[in-house]
Amino acid sequence: MLVIVKSNYDKLSEEAAKVVADRLKKKPNLVLGLATGSTPLGLYKELIRLHKYEGLDFSKVTTFNLDEYVGLPPSHDQSYHYFMQKNFFDEINIDPRYIHVPHGMAKDFKIFCSWYEERIKSFGGIDIQVLGIGANGHIAFNEPGSSLGSRTRIKTLTSTTRADNKRFFENEEDVPKYAITMGVGTIMDAKELLLVASGDSKAEAIKSAVEGPLTAMCPASIIQMHKEAFVIIDKPAASKLKGTYVDTWETIIFE
Ligand code: PGA
């Protein structure tokens, strides 16, 4: 696991984008795992800039998103389909046929979840998976207590996550109760992980994920078991870490 601490959110977003852009240049048909939430927005913004001004090409890329709320159609402005379309896909030259976001309105969720897993495999697996982290240590909607071997499935959202997300909905009761999410095991199958976190509200979760014991009570702590994981965070999110960490992945490569 390579932990990179940047001075602020913009710098961490640029650093994360550099990693994705590097992988994409090396493999134009990259299979890119994507996350929603406010943290990856800076990363998407920087990738859009690289596409528009430096010709970064997404035409052969396939994407798989981590999760989606159950019961929200893709047209709902709080659905993750909508979020991804507006904040990323509309701004790059991706082929819509290669975009995958779990379907919150699937008729049979069990069948859909197995299909999603198979679909990822049929593209040769995810090359690099972007991840946020919840203040409670969740990754995707794998809440504390999730099995560390879990696969794509329906999860009940915890009250903490629903409270964190209620700012996006008019009323608290409108926040969905269930989500469809890649499992921890699905995420761990990605060849590389790229976890981004910003701000002191994430400091405790980052401390548990990076330096705490491996536990289902902090699903993000599973990244300690991954062979190729980047954790790119800003100073406030790193404020509770005890170890000494680098400030760029490039020095590691060229030193
Ligand atoms: P955030 O969400 O980026 O909006 O903080 C991250 C997450 O809950 O996974």
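Residues numbered from 1 in each chain as written. Predicted model: local features only at pLDDT ≥ 70, side-chain atom pairs only at ≥ 80, totals over all residues. Heavy atoms only, no water.

### Comments concerning the packing of helix 1 (residues 9–26) against helix 2 (residues 41–54)
Thinking step 1. Where helix 1 meets helix 2, the closest approach of the two axes is 8 Å, and the angle between their N-to-C directions is 55°. As judged from the angle between their axes, helix 1 and helix 2 are oblique. The two elements helix 1 and helix 2 meet at a crossing, and its hand is right-handed. Contacts between helix 1 and helix 2 pair Tyr9, Ser13, Glu14, Ala16, Ala17, Val20 and Ala21 from the former with Leu41, Gly42, Leu43, Glu46, Leu47 and Leu50 from the latter. (Axes fitted to C-alpha atoms, helices over the stretch in contact; angles between N-to-C directions. Helix = DSSP H or I, 4+ residues; strand = E, 2+ residues; numbered from the N terminus. Parallel < 35°, antiparallel > 145°, perpendicular 65-115°, else oblique. Left-handed = near helix turned anticlockwise from the far one by under 90°. Contact = heavy atoms within 4.5 Å.)

### Description of the sheet that holds strand 7 (residues 153–156)
Thinking step 1. Taken in spatial order, the three strands of this open sheet run 4-8-7, and their pairing is antiparallel. Edge positions in the sheet fall to strand 4 (67–69) and strand 7, since each of these pairs with one other strand and no more. Here the strands of the sheet are splayed against their neighbours by 30° on average, with no regard to which way each runs.
Thinking step 2. As judged from the four bridges shared by strand 7 and strand 8 (residues 178–181), these two strands associate in the antiparallel manner. (Pairing = 2+ DSSP bridges.)

### Describing the site of the ligand
Thinking step 1. As a matter of local geometry, the ligand sits amid Gly37, Ser38, Thr39, Gly132, Ile133, Gly134, His138, Arg167 and Lys202.
Thinking step 2. Between the ligand and Ser38, the relevant distance is 2.8 Å, taken from an oxygen atom to a main-chain nitrogen or oxygen of the residue.
Thinking step 3. At 2.5 Å, a side-chain N or O of Lys202 approaches an oxygen atom of the ligand.
Thinking step 4. Contact with the protein chains covers 78% of the free accessible surface of the ligand, which is 280 Å².
Thinking step 5. The residue makeup of the shell around the ligand, split by class, is one nonpolar, six polar and two charged. (Near = heavy atom within 4 Å. Polar contact = N/O pair within 3.5 Å; in protein donor to acceptor, adjacent residues only side chain to side chain. Areas by Shrake-Rupley, 256 points an atom, 1.4 Å probe, with all protein chains shown as cover. Nonpolar A, V, L, I, M, F, W, Y, C, P; charged D, E, K, R; others polar.)

### With respect to the environment of Ala237
Thinking step 1. Topologically, Ala237 is positioned in helix 8 (residues 235–238).
Thinking step 2. Taking the relative accessible area as the measure of exposure, Ala237 reaches 0% and is therefore buried.
Thinking step 3. Sequence-wise, Ala237 and Lys207 are 30 residues apart; in three dimensions their C-alpha atoms are separated by 8.6 Å.
Thinking step 4. Beyond its immediate chain neighbours, meaning those up to four positions away, Ala237 contacts Ala197, Ser198, Gly199, Asp200, Lys202, Ala203 and Ile206. (Buried < 20%, exposed > 50% of the residue type's maximum accessible area, 1.4 Å probe, protein only.)

### Concerning the side chain of Glu143
Thinking step 1. Mapped onto the secondary structure, Glu143 falls in the loop between strand 6 (128–131) and strand 7.
Thinking step 2. This buried residue, Glu143, is left without a salt bridge; Lys155 holds the nearest opposite charge, at 8.0 Å.
Thinking step 3. A polar contact of 3.0 Å, which involves the side chain of Glu143, links it to the side chain of Asn136.
Thinking step 4. When sequence neighbours within four positions are dropped, the list of residues in contact with Glu143 reads Asn136, His138, Lys155, Thr156, Leu157, Thr158, Thr161, Ala216 and Pro219. (Lys, Arg positive; Asp, Glu negative; His and termini not counted. Salt bridge = Lys/Arg side-chain N within 4 Å of Asp/Glu carboxyl O.)

### Points about the packing of aromatic side chains
Both the distance between ring centres and the angle between the ring planes are used here to describe each pair of aromatic rings.
Thinking step 1. Counted by the stated rule, this structure contains 14 aromatic pairs.
Thinking step 2. Through successive ring pairs, a cluster of aromatic residues spans Phe64, Tyr98, Phe112, Trp115, Tyr116 and Phe123. (Phe/Tyr/Trp six-rings, centres within 6.5 Å; stacked < 30°, edge-to-face > 60°.)

### Here's the deal with the sheet that holds strand 3 (residues 62–65)
Thinking step 1. With parallel pairing, seven strands are arranged side by side in an open sheet as 1-10-9-6-2-3-5. Two strands close off the open sheet at either side, each with one partner strand: strand 1 (2–6) and strand 5 (99–100).
Thinking step 2. As defined by bridge partners, strand 3 adjoins strand 5 across two bridges and the pair is classed as parallel. Looking at strand 5, one finds that Thr63 is bridged to Ile99.
Thinking step 3. Here helix 4 (residues 109–122) sits on the sheet in contact with strand 3 and strand 5, set at roughly 145° to strand 3.

### Some words on the pattern of salt bridges
Thinking step 1. If you walk through the whole model with that rule in mind, you get 16 salt bridges.
Thinking step 2. Between Glu15 and Lys18 there is a salt bridge whose closest N-O contact spans 4.0 Å. Of the two residues, Glu15 and Lys18 both sit in helix 1, three residues apart, roughly one turn of that helix.
Thinking step 3. The class of Glu15 is buried, set by a relative accessible area of 2%.
Thinking step 4. Residue Lys18 is classed as partly exposed on the basis of its relative accessible area of 38%.
Thinking step 5. Across the salt bridge formed by Asp22 and Arg23, the nearest N and O atoms sit 2.6 Å from each other. Taken individually, Asp22 and Arg23 each receive the classification buried, so the pair is uniform in this respect.
Thinking step 6. Bridged by salt links that share partners, the residues Asp22, Arg23, Lys26 and Glu192 form one connected network.

In short, the description is geometric, and any link to function would need to be established separately.
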